[in-house]
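# Survey of secondary and tertiary structure
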Amino acid sequence: MRHALALADRAQHEFDEIPVGAVLVGADGELLGEGWNLNIANHDPSAHAEIVAMREAGKRLGNHRLIGATLYVTLEPCAMCAMALVHARIARLVFAAADPKTGACGSVFDLVGDPRHNHRVEVLGGLLAQDASLRLTNYFRAKRGRPLLTPGDL
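How each quantity is defined
- Residues numbered from 1 in each chain as written.
- Predicted model: local features only at pLDDT ≥ 70, side-chain atom pairs only at ≥ 80, totals over all residues.
- Heavy atoms only, no water.
- Helix = DSSP H or I, 4+ residues; strand = E, 2+ residues; numbered from the N terminus.
- Rg over C-alpha atoms; globule rule 2.2 N^0.38 Å.
- Buried < 20%, exposed > 50% of the residue type's maximum accessible area, 1.4 Å probe, protein only.
- Contact = heavy atoms within 4.5 Å.
- Areas by Shrake-Rupley, 256 points an atom, 1.4 Å probe, with all protein chains shown as cover.
- Lys, Arg positive; Asp, Glu negative; His and termini not counted.
- Charge placed at Lys NZ, Arg CZ, Asp CG, Glu CD.
- UniProt positions renumbered as here; feature names shortened; annotations may be inferred.
- Expected span 1.5 Å × (residues − 1).
- Salt bridge = Lys/Arg side-chain N within 4 Å of Asp/Glu carboxyl O.
- Core = buried A, V, L, I, M, F, W, Y, C linked by side-chain atoms within 4.5 Å.

As annotated in an unreviewed UniProt entry, the protein carries the name tRNA-specific adenosine deaminase and is attributed to Stenotrophomonas humi.

### Some words on the overall build of the protein
Of regular secondary structure, the protein possesses 4 helices and 5 strands. Over its C-alpha atoms the protein spans a radius of gyration of 15 Å, differing by no more than 12% from the 15 Å that the globule rule assigns to 154 residues. Referenced to the eigenvectors of the C-alpha coordinate spread, the extents of the protein come out at roughly 45 × 30 × 30 Å. Buried residues in the protein amount to 45% of all 154 residues. When contacts within the protein are restricted to residue pairs at least 6 apart in sequence, those whose partners lie at least 24 apart make up 54%. For the protein, the computed accessible surface area is about 7800 Å², with 54% contributed by carbon and sulfur atoms. Separation between the mean location of the 16 positive side-chain charges and that of the 17 negative ones in the protein comes to 3 Å.

### Focus: helix 3 (residues 79-88)
Of all the positions in helix 3, only Cys81, Ala82, Leu85, Val86 and Ala88 are classed as buried. Summarising the contacts, the buried residues of helix 3 are in contact with helix 2 (49-61), strand 3 (70-75) and strand 4 (92-97).

### Quick word on the UniProt feature "active site" (unreviewed entry) in the protein
Under the feature "active site" (unreviewed entry), the UniProt entry names Glu50. Turning to its location among the elements, Glu50 is positioned in helix 2. Judged by its relative accessible area of 4%, Glu50 is buried. Once residues within four sequence positions are removed from consideration, Glu50 is found in contact with Ala22, Leu71, Val73, Leu75, Pro77, Cys78 and Cys81.

### Re helix 4 (residues 129-143)
Relative to the 21 Å expected for 15 residues at 1.5 Å per residue, helix 4 spans 21 Å between its end C-alpha atoms, a close match to the ideal helical length. All of the buried residues along helix 4 are Ala132, Leu134, Leu136, Asn138, Tyr139 and Arg141. If you follow the buried residues of helix 4, they end up packed against helix 1 (2-15), strand 3 and strand 4. Backbone geometry just downstream of helix 4 places Gly145 in the positive-phi region, at approximately 70 degrees.

### Focus on the pattern of salt bridges
Per the counting criterion, the structure on display carries 7 salt bridges. One salt bridge connects Arg135 with Asp9, and the closest N-O pair in it is separated by 2.7 Å. Of this pair, Arg135 sits in helix 4 while Asp9 sits in helix 1, and the two are 126 residues apart along the sequence. Looking at Asp9, the relative accessible area reads 25%, which means it is partly exposed. Note that Asp16 and Lys143 form a salt bridge whose closest N and O atoms lie 2.7 Å from each other. Here the residue Asp16 occupies a position in the loop between helix 1 and strand 1 (21-25), and Lys143 occupies one in helix 4, the gap between them amounting to 127 residues. The exposure class of Lys143 is partly exposed, given its relative accessible area of 47%.

### Observations concerning the nonpolar core
Grouped burial of nonpolar side chains is what soluble globular proteins tend to show. Ranked by internal contacts, the top residues of the largest apolar core, which has 43 residues, are Leu24, Met54, Leu66, Leu71, Leu85, Ile90 and Leu93. Sorting the residues of this core by element identifies helix 1, strand 1, strand 2 (31-36), helix 2, strand 3, helix 3, strand 4 and helix 4 as the ones contributing at least two each. Among residues more than four places away in sequence, those in contact with Leu71 are Ala22, Val23, Leu24, Glu50, Ala53, Leu85, Ile90, Arg92, Leu93 and Val94.

Given below as structure tokens:
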């Protein structure tokens, strides 16, 4: 998750994107793909960190199925990314901050665990959540010209 947080920083500082980073690891621990939000920079509404990481992994493996993989991401996936996890057959999702507005992995919706799908994703949320939340909160506070928060403020 710390690597995903570093990628989130890269998204913000190099691309002025919302600071979300994702790392996809195979069942054997091998790094398969990584990504950060690029939807603004690439003019692509689907270029969320999770999608970028899964695209890289699919190319590396030569397969659209990412069976046995674990995705680490700094923000709970949205509905688009959650369904991509299901379609890619990702085994496990570990996310940092929950998304109380659009989270689709337990906060608002639970698309990855819906029993109507032929694949369900194991989910663990909250790993380094405060670190991720602070990055996201301060990104939007800075955009609005508001003072930044410190870890003790959350």
